[in-house]
Amino acid sequence: MTSPAPVILWQSPPCWGTPSSSPFCIKLEAWLRMGGVAYEARVIAGLPRSPTRKIPYVELADGRLIADSGVIMETLGRERGIDLDAGLDARARGLAVAARRLLEDHLYWVIAWDRWVPEAHWTKTRQAYFGGLPGPLPWLVPPFARRAVRQALHGQGFGRVSDAAILDRLNEDLDALSALLGDQEHLLGQLATIDAILFAFVLAALQPPFDGPVQRAVAERTNLVRFCERFERRWFSP
Ligand SMILES: N[C@@H](CCC(=O)N[C@@H](CS)C(=O)NCC(=O)O)C(=O)O
């Protein structure tokens with residue numbers, strides 16, 4: 001039997017020593033590696049061609065474009081018989097959903113705020129995300145992109161509260177994750193999809209070169225940092 005053609009993973013470029021500036025892209029790439037799916041990572045030029053206009057998305061050999069890291073994982077999992085969560089019982093599955101929501105729908109917004117809002121951080125984000133664009137684009141694009149993120153943060157709520165309130169919530173998130181992980185090798189005691197998600201979002205909070213309160217808060221939870229180091233060694237070593 002011939003093996004399927006590599007999946008094309010469309011994502012944002014590597015950033016600050018991580019495989020992509022987007023934690024959702026890192027999550028998906030980690031899952032592809034864990035599931036043994038052959039893929040080719042490509043950097044988008046211009047706006048995403050995905051149905052949702054978001055990254056990551058994948059392009060399959062039959063021409064399908066699939067958006068959303070979760071949908072992509074479900075689709076490829078179903079079509080290729082990959083189930084990294086087969087060994088989880090109902091309680092562990094429940095915990096995985098809760099942790100995923102915390103990471104993707106809450107910690108994600110702390111990460112976005114940290115990168116796009118404080119002026120000193122924005123200077124570095126702007127350079128990292130847009131500095132390589134051609135012509136006048138590094139001057140033209142960032143103000144529009146920043147306005148869109150600020151509007152999203154306003155809708156989500158972080159745009160309406162103090163920095164201290166955001167950091168309080170970050171600390172609650174990190175305490176919860178750190179307590180769940182404890183001294184285990186994997187969040188749920190065995191390798192599962194949630195490990196890819198934990199890795200991607202904790203790394204995305206830790207890695208920017210801001211040396212700010214977000215990075216310090218993550219660094220204090222040494223079990224989370226060690227988890228990321230282990231995960232990276234196992235799944236992203238050359
Ligand atoms: N639920 C989506 C979320 C993806 C997502 O929010 N991607 C961000 C980058 S981190 C994006 O493309 N943002 C562009 C936009 O919102 O227009 C997934 O799991 O893939």
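Thresholds, definitions, all that
Residues numbered from 1 in each chain as written. Predicted model: local features only at pLDDT ≥ 70, side-chain atom pairs only at ≥ 80, totals over all residues. Heavy atoms only, no water. Helix = DSSP H or I, 4+ residues; strand = E, 2+ residues; numbered from the N terminus. Buried < 20%, exposed > 50% of the residue type's maximum accessible area, 1.4 Å probe, protein only. Polar contact = N/O pair within 3.5 Å; in protein donor to acceptor, adjacent residues only side chain to side chain. Contact = heavy atoms within 4.5 Å. Pairing = 2+ DSSP bridges. Axes fitted to C-alpha atoms, helices over the stretch in contact; angles between N-to-C directions. Core = buried A, V, L, I, M, F, W, Y, C linked by side-chain atoms within 4.5 Å. Domains from an automatic or database assignment. Buried area = accessible area lost by both parts, 1.4 Å probe. Salt bridge = Lys/Arg side-chain N within 4 Å of Asp/Glu carboxyl O. Right-handed = clockwise from strand over helix to strand, strands pointing away. Lys, Arg positive; Asp, Glu negative; His and termini not counted. 1 Å grid on protein atoms, 1.4 Å probe; cavity = no way out; pocket = protein on both sides within 12 Å on 5 of 7 lines; lining within 4 Å. Points joined across faces, edges and corners; volume = space filled by probe spheres on them. Nonpolar A, V, L, I, M, F, W, Y, C, P; charged D, E, K, R; others polar.

Caption draft 1: Inspection of the side chain of Ser20 at higher detail. Structurally, Ser20 is set in the loop between β1 (7–11) and α1 (23–34). For Ser20, a relative accessible area of 1% translates into the label buried. Of the polar contacts made by the side chain of Ser20, one reaches the side chain of Ser12; its length is 2.8 Å. The contacts of Ser20, once residues within four sequence positions are left out, are Gln11, Ser12, Pro13, Pro14, Cys15, Cys25 and Ile26.

Caption draft 2: Just the sheet that holds strand β4 (residues 65–67), in detail. An order of β2-β1-β3-β4 is seen for the four strands of this open sheet, with the pairing classed as mixed. Because the sheet does not close on itself, it has two edges, and the strands there are β2 (39–43) and β4. When the angles between neighbouring strand axes are averaged without regard to direction, this sheet yields 25 degrees. In this sheet, strand β3 (residues 57–59) lies alongside β1 in antiparallel orientation, the contact comprising three bridges. Looking at β3, one finds that Leu9 is bridged to Val58. Those strands touched by α1 are β1, β2 and β3, and its axis lies near 160 degrees from that of β1. Of the strands in this sheet, β1, β3 and β4 are in contact with helix α2 (residues 69–80), which crosses β4 at around 125 degrees.

Caption draft 3: Representation of the nonpolar core within the structure. Leu103, Leu170, Ile194, Leu198, Phe199, Phe201 and Phe231 are the most contacted members of the largest nonpolar core, which has 52 residues in total. Those elements that place two or more of their residues in this core are α1, α3 (90–116), α4 (119–130), α5 (137–156), α6 (163–181), α7 (193–206), α8 (213–220) and α9 (222–236). In terms of residue count, α7 provides more of this core than any other element does, eleven residues in total. A domain split of this core shows at least three residues from each of domain 1 (7–80) and domain 2 (90–236). Apart from the residues lying within four places of it in its own chain, the contact partners of Leu170 are Leu107, Val110, Val214 and Ala217. Grouped together as the second largest cluster of nonpolar side chains are 13 residues, Trp31, Leu32, Val37 and Met73 included.

Caption draft 4: Layout of the domain arrangement of the chain. Domains assigned within the chain are domain 1 (7–80) and domain 2 (90–236). Summarising the inter-unit geometry, the C-alpha centres of domain 1 and domain 2 are found 18 Å apart. The interface of domain 1 with domain 2 comprises 17 residues on the first partner and 26 residues on the second. Carbon and sulfur atoms make up 77% of the area that domain 1 and domain 2 hide from each other, which totals about 1800 Å². Linking domain 1 with domain 2 are one salt bridge, by the criterion used here.

Caption draft 5: Broad picture of the pairing of β1. Judged by how many residues are buried, β1 sits mostly within the fold: five of five residues are covered. Judged by which residues are buried, β1 turns out to be covered on both faces: Val7, Leu9 and Gln11 on one side and Ile8 and Trp10 on the other are all buried. Examined bridge by bridge, β1 and β2 share five bridges and lie parallel to one another. Note on β2: the bridge partner recorded for Gln11 is Val43. Of the crossover connections in this fold, the one passing from β1 over α1 to the parallel β2 is right-handed.

Caption draft 6: Focus on the side chain of Arg115. Note on placement: Arg115 falls in helix α3. For the buried Arg115, no salt bridge exists, and the shortest N-O distance to an oppositely charged side chain is 6.2 Å, to Asp114. Polar side-chain contacts of Arg115 include one of 2.8 Å to the backbone oxygen of Ser21. Beyond its immediate chain neighbours, meaning those up to four positions away, Arg115 contacts Trp16, Ser21, His121, Trp122, Thr125, Tyr129, Ala204, Pro208 and Phe210.

Caption draft 7: Examining the layout of surface pockets more closely. Of the pockets and cavities examined, the largest pocket occupies roughly 1700 Å³. In terms of lining residues, the largest pocket is bounded by 46 residues, among which Pro48, Arg53, Lys54, Ile55 and Trp116 are the most central. Secondary structure elements with two or more residues in the lining of the largest pocket: α1, α2, α3, α4 and α5. The element that contributes the greatest number of residues to the lining of the largest pocket is α3, accounting for nine residues. A breakdown of the residues in the lining of the largest pocket according to their chemical character gives 29 nonpolar, nine polar and eight charged. Here the lining of the largest pocket spans two domains, since at least three of its residues come from each of domain 1 (7–80) and domain 2 (90–236). Here the second largest pocket defines a volume of roughly 450 Å³. In terms of lining residues, the second largest pocket is bounded by 20 residues, among which Met73, Glu74, Asp85, Arg100 and Thr193 are the most central. Put simply, the parts of the chain that give the lining of the second largest pocket at least two residues each are α1, α2, α3 and α7. Residues that form the lining of the second largest pocket fall into these classes: nine nonpolar, three polar and eight charged. Two domains each donate at least three residues to the lining of the second largest pocket, and these are domain 1 (7–80) and domain 2 (90–236).

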